[in-house]
Amino acid sequence: MSKYFLDIGWKSIRHAGEELCGDHVDVIDDRNGNMTAVIADGLGSGVRASILSTLTSKIISTMIAEGLPLEECVSTIASTLPVMKDRNVAYSTFTILHVKYGKEMHLVQYDNPSVILLRNGEVFDYEKQEMHVEEKTIYSSSILLEEGDMFIAMSDGCPCAGPRNTYNLSWQVKDIASYMQCLYFAGYDARTLSNMLVEECNHLYEYKPADDATAFVLSIKQKKKVNVLFGPPKKMEDTEPMIRMFFAEEGIHVVSGGSTSRMVAEYLDAKVIPSMQKTDHDIPPISTIRGVDLTTEGMYNDKDDVLIFKENHKNKMLCKIRRSESPETCKIRHSDELKTCKIRLSSLFFLTFVRPEKTTGLDCGKGKEKIEINLNIRNEQIKSFIGFRPKDY
């Protein structure tokens, strides 16, 4: 399993006056260090371009997901894509970023702007191998990953963005690389960086884009592990083994719930010190226990059916699950913008500790003594956390 976390983000804007974007991004990420991203750009704009780019990205990503060699996938799609005879332009171009085991990046580029690699804040000039498939010139590269590497891929709507259908020659790929270099050490996540780049392009277009524009950012970061303990064990004699197991795990330790906090404090021979800090009414009170990174109240039973995210003073995210009207699903809402997804609920309600961007779901094992929950999270890689189910209530 990879020691790196793949921080991924992308943003697209559509051609002014069009309902659909002609660019499409498809990502397959198994969270074990294997990731495939396809950025496809359909010819022109609008519906036809959207269909072409979607088909291209879906075909490539599906083939790779089924285990076919990357070379065979590229050969198949290159042979399939038609070319306009009068302009000698493909109906769809594409860029493939394929990470294997979190150690090596395979780049395949066909007629899209060259992928930028920033390493230690500097532009890294990687080797490209040229190959010809069905009279199409395709470039491939293999790069060993290092912590801090940042890959920026884009469609051709990003370079030369300018007002009133003019080519802005002061905004080429090298200028975009310089722009991203200024943001490299700022600490932004991939999603924010892609948004900033596309917003800059939109500004250069004077907010009337003459082409679809897409930016995709992949940052290589060290994994961070968070362990969350909530609820007392079903049997009193399991208390000490449970807490011992919890603190044996490396990473950040979070304790949720008043009863659990008192148990942990007793085990550590420490005190639970309530925080006098005023918080939002949607955030449970925060306390302090020596030896614990974060201590909160965690049991709620409100009528609302939302999962609330808020940010505390340590730049860490808190959330709580509230009871849903439906026994099967509930909604997720960010503090700033509305996002929804389905969650399978057990009878257990708890407070957890995550970064919410791109959270796609979580599972709770119902009726189990021990619950392992895997989260799909873009900003912070949380491998898993372990909790013990309290008595039914």
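Heads up: the structure comes first, above all this text.
Parameters at a glance
Residues numbered from 1 in each chain as written. Predicted model: local features only at pLDDT ≥ 70, side-chain atom pairs only at ≥ 80, totals over all residues. Heavy atoms only, no water. Pairing = 2+ DSSP bridges. Helix = DSSP H or I, 4+ residues; strand = E, 2+ residues; numbered from the N terminus. Axes fitted to C-alpha atoms, helices over the stretch in contact; angles between N-to-C directions. Phe/Tyr/Trp six-rings, centres within 6.5 Å; stacked < 30°, edge-to-face > 60°. Buried < 20%, exposed > 50% of the residue type's maximum accessible area, 1.4 Å probe, protein only. Lys NZ or Arg CZ within 6 Å of the ring centre and 35° of its normal. Contact = heavy atoms within 4.5 Å. Parallel < 35°, antiparallel > 145°, perpendicular 65-115°, else oblique. Left-handed = near helix turned anticlockwise from the far one by under 90°. Nonpolar A, V, L, I, M, F, W, Y, C, P; charged D, E, K, R; others polar. Core = buried A, V, L, I, M, F, W, Y, C linked by side-chain atoms within 4.5 Å. Salt bridge = Lys/Arg side-chain N within 4 Å of Asp/Glu carboxyl O.

Peer 1: So what exactly am I meant to see when it comes to the sheet that holds strand β3 (residues 35-42) here?
Peer 2: Hydrogen bonds between backbone atoms are what pair the strands of a sheet, whose relative direction is either parallel or antiparallel. One open sheet holds the six strands; their spatial order is β2-β3-β6-β7-β11-β10, and the pairing between them is antiparallel. Of all the strands in the sheet, just β2 (23-29) and β10 (129-133) have a single pairing partner and so form its edges. Going from strand to strand, the sheet's axes swing by 15 degrees on average, the running direction of each strand aside. Here β3 pairs with strand β6 (residues 92-100) via eight bridges, running antiparallel. Looking at β6, one finds that T36 is bridged to H98.

Peer 1: Any chance you could explain the packing of aromatic side chains here in plain terms?
Peer 2: Aromatic ring pairs are defined here through the distance separating the ring centres and the angle between the ring planes. Applying the stated criterion across every chain yields a total of six aromatic pairs. Between the aromatic rings of W171 and Y179, the centroid separation amounts to 5.6 Å while the plane-to-plane angle is 75 degrees, which identifies the pairing as edge-to-face. Looking at W171, the relative accessible area reads 8%, which means it is buried. Accessibility expressed as a relative area gives 21% for Y179, which makes it partly exposed. For the ring pair F247 and Y267, a centre distance of 6.3 Å and an interplane angle of 5 degrees mean the geometry is stacked. Of this pair, F247 sits in helix α5 (residues 239-248) while Y267 sits in helix α6 (residues 258-268), placing them 20 residues apart in sequence. F247 gets classed as partly exposed once you look at its relative accessible area, which sits at 22%. Among the aromatic residues, those joined into a cluster by ring pairs are F246, F247 and Y267. Between R119 and the ring centre of F124, over which it is positioned, the NZ or CZ distance is 4.5 Å.

Peer 1: Looking at this model, I keep getting lost on the sheet that holds strand β15 (residues 252-256). Mind explaining?
Peer 2: Strand order in the open sheet formed by five strands is β14-β15-β18-β17-β16, with mixed pairing between adjacent strands. The open sheet has two free edges, formed respectively by β14 (226-230) and β16 (273-274), since each of these has just one partner strand. Note: β14 against β15, five bridges, orientation parallel. Pairing of V226 across the sheet is with I252, part of β15. The strands touched by α5 within the sheet are β14 and β15, with β14 carrying the most contacts at an inclination of about 165 degrees. Contacts from α6 reach β14, β15 and β18 (294-296) within the one sheet, and its direction differs from that of β15 by about 125 degrees.

Peer 1: Looking at this model, I keep getting lost on the packing of helix α1 (residues 46-65) against helix α2 (residues 70-80). Mind explaining?
Peer 2: In helix packing, the relevant descriptors are the interaxial angle and the interaxial distance, both defined with respect to the helix axes. Between α1 and α2, the least distance of the axes is 9 Å, while the angle of their chain directions is 155 degrees. With respect to each other, α1 and α2 are oriented roughly antiparallel. With respect to the hand of their crossing, α1 and α2 are arranged in right-handed fashion. Two secondary-structure elements touch here, α1 through T56, I59, I60, M63 and I64 and α2 through L70, E72, C73, T76 and I77. Each residue belonging to the contact of α1 with α2 can be placed in one class, and the counts come to seven nonpolar, two polar and one charged.

Peer 1: Would you mind showing me how to read the nonpolar core here?
Peer 2: For soluble globular proteins, nonpolar side chains are generally found buried alongside one another. M150, I152, I176, M180 and L197 are the most contacted members of the largest nonpolar core, which totals 24 residues. For I176, the residues in contact, after removing those within four places along its chain, are I116, M154, C158, P159, W171 and L197. Counting 21 residues, the second largest nonpolar core, distinct from the first, contains M35, V115, A153 and L218.

Peer 1: Is there a simple way to explain the pattern of salt bridges in this structure?
Peer 2: Opposite charge on two side chains lets them pair, provided their charged atoms get close. Under the defined criterion, the tally for this structure stands at eight salt bridges. Between K221 and D7 there is a salt bridge, and its shortest N-O distance comes to 2.9 Å. Of this pair, K221 sits in strand β13 (residues 213-222) while D7 sits in strand β1 (residues 4-13), and the two are 214 residues apart along the sequence. You can call K221 partly exposed: its relative accessible area is 27%. Using a relative accessible area of 0% as the deciding quantity, one classes D7 as buried. In this structure, a network of salt bridges that share partners links the residues R119, E146 and D149.

Peer 1: It is not clear to me how unusual backbone geometry should be interpreted in this structure. Could you clarify?
Peer 2: Excluding glycine, most residues fall at negative phi; most peptide bonds, likewise, are trans. Positioned with a positive phi, C160 is a non-glycine residue whose angle comes to about 60 degrees. When you line up the elements, C160 lands in the loop between β12 (150-154) and α3 (173-184). One non-glycine residue, D269, lies in the positive phi region at around 55 degrees. Of note, D269 is situated in the loop between α6 and β16. Judged by relative accessible area, D269 falls into the exposed class, the value being 65%.

These figures come from the coordinates and say nothing about function on their own.
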